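Commentary on secondary and tertiary structure
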There are 2 protein chains.
Amino acid sequence: MRITDLVVHSIAIADPPLRSSYGRHQPYALRTIIELKSDAGLTGIAETHGGDAIAQGFHSLRSQLIGADPYRLAGNFLPMIEADAQSTGFDRSQTYFVPGENPLDAAARLYSALEIAALDLIGKVAGKPVCDLLGGRARDEVPFSAYAFYKHAGGGGEGADAREDCYGEALTPEAIVRQVRQMIAKYGYKEVKLKAGVLEPDVEIETIKQLHAALGHNVPLRLDPNCAWSVETSVRIGKALAKELSHRGYLEDPTVNIEGMGQVRRKLLDDGVETPLASNVAVTSFADIPECVKNDAVQIILCDPHYWGGVQQVQHLGKICRTFGLGLSMHSNSHLGVSLMAMAHAAAATPHLTYACDTHYPWQSEEDEIVAGGRVPIVNGCVKIPAKPGLGVELDFDKLARGRERYANCKFRKRDDEAEMRKYVDPNWRRALPRW
Amino acid sequence: MRITDLVVHSIAIADPPLRSSYGRHQPYALRTIIELKSDAGLTGIAETHGGDAIAQGFHSLRSQLIGADPYRLAGNFLPMIEADAQSTGFDRSQTYFVPGENPLDAAARLYSALEIAALDLIGKVAGKPVCDLLGGRARDEVPFSAYAFYKHAGGGGEGADAREDCYGEALTPEAIVRQVRQMIAKYGYKEVKLKAGVLEPDVEIETIKQLHAALGHNVPLRLDPNCAWSVETSVRIGKALAKELSHRGYLEDPTVNIEGMGQVRRKLLDDGVETPLASNVAVTSFADIPECVKNDAVQIILCDPHYWGGVQQVQHLGKICRTFGLGLSMHSNSHLGVSLMAMAHAAAATPHLTYACDTHYPWQSEEDEIVAGGRVPIVNGCVKIPAKPGLGVELDFDKLARGRERYANCKFRKRDDEAEMRKYVDPNWRRALPRW
């Protein structure tokens with residue numbers, strides 16, 4: 001079997017005005033769908049982040065792909081997978097780049113989508129789900145976490161395409177509790193994540209306290225301010241929420257870089273607070289891990305099959321975490337069902353997944369889904385691995401064409417949450433770290 | 001596709017009286033060949049160490065295997081793969097067990113052979129070589145190292161089955177140089193390993209010096225006394241051979257355990273000797289790695305697809321070594337062509353292989369080979385991945401029957417190099433560490 005073509009679809013999907021320390025989501029999230037066609041008459045698909053830069057990246061690889069054996073991509077594209085492993089831990093991170101815009105993982109991001117599409121293709125040829133192609137699944141159902149955001153009203157889109165969502169504005173603790181209750185009612189989540197670093201720390205503390213009171217101690221809570229806090233503020237919040245985060249909860253990237261995370265960890269332990277620290281900002285690649293282990297800076301790494309080099313690299317990361325006594329969770333961005341299935345297969349094929357995965361999926365809508373048959377079900381908080389080959393989903397080409405049209409018509413060509421803040425919230429807004 | 005049967009063949013093969021710090025090889029090496037049969041009409045094969053214990057282990061897994069999907073073995077047998085990762089680093093090692101007799105890796109050893117047989121089977125069904133089933137090969141040819149041993153005369157076997165080999169006795173530096181020259185002439189090796197810890201340290205130093213003089217500085221040399229030396233002796237020898245081991249050479253397991261290895265490393269560095277230390281004795285499992293990294297005790301880990309849990313675990317180990325700046329080489333035992341091919345495929349599928357692999361293959365003979373068509377060629381020191389599905393080799397059932405017959409007739413049921421020393425060399429011989 002040989003690859004005969006790579007087709008790249010840049011699409012735009014409505015995205016609600018979610019807030020984070022990076023700023024505010026644009027009204028459209030950009031995604032890229034690729035099709036890897038083969039002379040076996042079958043096509044592998046994958047989804048990744050969007051914009052012109054990554055589309056151009058795929059086009060530049062086209063000539064290397066055509067004629068290649070999909071079973072041998074890792075060997076053929078090794079320099080892309082391992083490009084990031086050469087630099088040292090301190091000058092690289094997602095601290096100052098939104099995910100998908102970090103130049104240091106550009107090669108791994110491109111390869112990730114190609115690997116996932118190749119696995120989908122191989123799975124279709126072999127009649128096997130992707131999670132069984134690399135050793136065999138460790139689980140049949142993959143747990144995901146509710147992902148609550150402070151947000152402005154609206155469901156994304158612009159002009160005639162603007163829409164409402166079922167969640168509305170959420171800029172208070174009470175509104176977040178309502179939002180989470182809606183999500184749990186709809187999807188059955190058993191764990192809850194709050195994107196923090198948006199409002200005053202005391203309001204965010206109060207939000208977690210209200211969630212804890214509302215959901216009970218058995219629902220693990222995690223919060224993620226994306227580095228918005230100083231070491232001191234991180235420690236203060238960690239202490240204030242020691243009880244609320246003590247049942248399989250975690251504090252994710254409270255402050256910048258591995259050194260800062262290590263300081264927060266040591267100060268918390270000194271004060272008897274054992275809440276683990278998680279990261280997908282201080283730690284974004286294998287190159288960051290040795291320093292992270294040495295400093296006990298991070299106790300849980302958030303993998304992402306879109307950024308770490310694909311499913312097999314996530315499996316490697318899982319083994320590293322197990323070997324070094326670290327936990328493993330999964331990061332997400334605004335995405336559709338193809339990404340959700342790739343995340344589910346990667347998680348199913350990675351034994352040492354110790355927390356439910358993140359997903360932005362509740363923030364996207366049926367009307368934008370490009371998966372044939374509609375949205376992938378999340379039931380009891382889990383995505384079930386379907387008894388279908390490959391990723392288990394196919395493209396709806398009409399919906400895909402609609403996504404392409406919106407991409408052509410919208411003005412966004414990369415993610416820029418800061419610009420969006422200046423436009424809608426504060427004309428002088430800059431991302432300042434630490435903000436508190 | 002479902003597994004329909006597991007057939008276990010315990011065989012004995014002639015093995016020359018090779019010496020190491022464990023003692024002396026028995027006249028027969030015991031091996032196990034397994035066949036994993038499927039309802040697809042195809043059979044996957046694997047080879048591992050021998051004796052009654054592992055054969056019994058396979059039989060005890062038979063009911064779990066029959067009806068299983070070969071694509072899903074890793075998920076199904078996860079407790080076997082990860083059994084070893086729970087204990088701490090210090091109470092486990094091959095220090096006092098010959099490889100294959102360490103109870104702490106018993107589960108991983110059984111799983112390893114099952115995984116390799118399943119990959120052979122999957123490869124045959126998919127029409128793909130094993131090294132392309134888990135991401136795709138990083139190389140088409142796998143380099144192996146010459147493996148010189150001090151030895152007594154003879155080629156193994158007993159009674160009417162006793163034989164000579166082309167190498168004869170080698171208990172002096174000159175004889176080892178001759179032995180290595182023979183091996184290089186026959187197989188084209190570009191790197192050379194000497195099993196040490198057998199003769200007085202000064203004789204072994206002289207052996208390496210003579211090899212260095214005979215082969216030139218561009219042939220990397222490694223020596224492996226399997227822990228026979230004290231920290232002080234290790235440092236003395238490391239210093240004496242600083243020049244000879246400086247071109248991509250290494251000192252393997254000079255002394256016992258991670259703590260001892262760390263002491264040797266620090267003392268050598270203090271004296272300006274940068275020769276890296278390698279290990280497959282102090283470090284035998286993932287559980288050993290954190291302590292090893294923390295102490296900078298080992299700079300090169302020797303993987304083994306037979307002991308570390310199969311090909312995928314070797315890939316994980318490779319990624320760990322790359323991530324933490326360690327080198328990767330490969331361990332071997334007396335083996336036939338099925339093992340050699342599994343080692344070659346594992347090495348081909350592991351990008352971060354930084355040294356030629358070990359192999360005992362020169363010590364076995366055409367007449368004992370159970371691979372159809374005869375011995376696997378080693379040309380220019382390399383095994384070429386064949387353009388055939390699976391491992392690329394099939395069984396010769398007549399030869400296999402002969403191996404089974406010799407197993408039935410010989411008295412050995414496990415490897416015991418100490419007993420052999422007492423029988424032939426010194427009735428009071430005990431393995432004493434350190435000996436020097």
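Note that the structure is a prediction, hence the values are computed from the model and not measured. (Residues numbered from 1 in each chain as written. Chains lettered and ligands numbered in written order. Predicted model: local features only at pLDDT ≥ 70, side-chain atom pairs only at ≥ 80, totals over all residues. Heavy atoms only, no water.)

1. Some remarks on the domain arrangement of chain A
Residue and element names in this part refer to chain A.
- One can read the domain layout of chain A as domain 1 (3-128 + 399-409) and domain 2 (133-395).
- Taking only C-alpha atoms into account, the centre of domain 1 sits 21 Å from that of domain 2.
- Contacts between the two partners involve 56 residues from domain 1, matched on the other side by 69 residues from domain 2.
- Of the roughly 5000 Å² buried where domain 1 meets domain 2, counting both sides, 60% is carbon and sulfur surface.
- Put simply, domain 1 and domain 2 have 5 salt bridges between them.
- Note that Arg 402 is salt-bridged to Asp 368, the shortest N-O span being 3.2 Å.
- Remark: the boundary between domain 1 and domain 2 carries 30 residue pairs in polar contact (both at pLDDT 80 or more).
- Of all elements in the fold, only strand E1 (3-14), strand E2 (19-20), strand E4 (28-38), strand E5 (43-49), helix H4 (106-126) and helix H12 (397-409) reach the threshold of two or more residues within the side of domain 1 that touches domain 2.
- With 11 residues, the top contributor of residues to the side of domain 1 that touches domain 2 is H4. (Domains from an automatic or database assignment. Contact = heavy atoms within 4.5 Å. Buried area = accessible area lost by both parts, 1.4 Å probe. Salt bridge = Lys/Arg side-chain N within 4 Å of Asp/Glu carboxyl O. Polar contact = N/O pair within 3.5 Å; in protein donor to acceptor, adjacent residues only side chain to side chain. Helix = DSSP H or I, 4+ residues; strand = E, 2+ residues; numbered from the N terminus.)

2. Describing the interface of chain A and chain B
- Counting residues at the interface gives 34 residues for chain A and 34 residues for chain B.
- Carbon and sulfur atoms supply 55% of the area that chain A and chain B bury against each other, a total of about 3200 Å² over both sides.
- Ranking the residues of chain A by area buried against chain B places A:Tyr71, A:Lys319 and A:Arg322 at the top, with a combined share of 21%.
- Taken together, the connections running from chain A to chain B amount to 8 salt bridges.

3. Concerning the sheet that holds E1(A)
Residues and elements named next belong to chain A.
- An order of E1-E4-E5 is seen for the 3 strands of this open sheet, with the pairing classed as antiparallel. Here the strands that pair on one side only, and so sit at the sheet edges, are E1 and E5. Strand-to-strand, the axes of this sheet are offset by a mean angle of 20°, without reference to chain direction.
- The strands touched by H4 are E1, E4 and E5; relative to E5, the strand with the most contacts, the crossing angle is about 150°.
- Contacts from helix H11 (residues 337-348) reach E4 and E5 within the one sheet, and its direction differs from that of E5 by about 100°. (Pairing = 2+ DSSP bridges. Axes fitted to C-alpha atoms, helices over the stretch in contact; angles between N-to-C directions.)

4. Quick notes on empty space enclosed by the protein
- Taken as a whole and judged by the stated rule, the model has 11 cavities of 30 Å³ or more.
- In this structure, the largest cavity occupies an estimated 310 Å³ of space.
- Taken together, 30 residues form the lining of the largest cavity, with A:Leu133, A:Leu134, B:Leu133, B:Leu134 and B:Gly135 sitting closest to its centre.
- Of all the secondary structure elements, the ones that give two or more residues to the lining of the largest cavity are helix H2 (73-76) and H4 of chain A together with helix H2 (73-76) and helix H4 (106-126) of chain B.
- Across the lining of the largest cavity, the residue classes break down as 22 nonpolar, 4 polar and 4 charged.
- Its boundaries defined by the atoms lining it, the second largest cavity holds a volume of some 230 Å³.
- Lining the second largest cavity are 18 residues, with A:Ala29, A:Leu30, A:Pro99, A:Ser334 and A:Arg415 sitting closest to its centre.
- When the residues that make up the lining of the second largest cavity are grouped by side-chain class, the tally is 5 nonpolar, 7 polar and 6 charged. (1 Å grid on protein atoms, 1.4 Å probe; cavity = no way out; pocket = protein on both sides within 12 Å on 5 of 7 lines; lining within 4 Å. Points joined across faces, edges and corners; volume = space filled by probe spheres on them. Nonpolar A, V, L, I, M, F, W, Y, C, P; charged D, E, K, R; others polar.)

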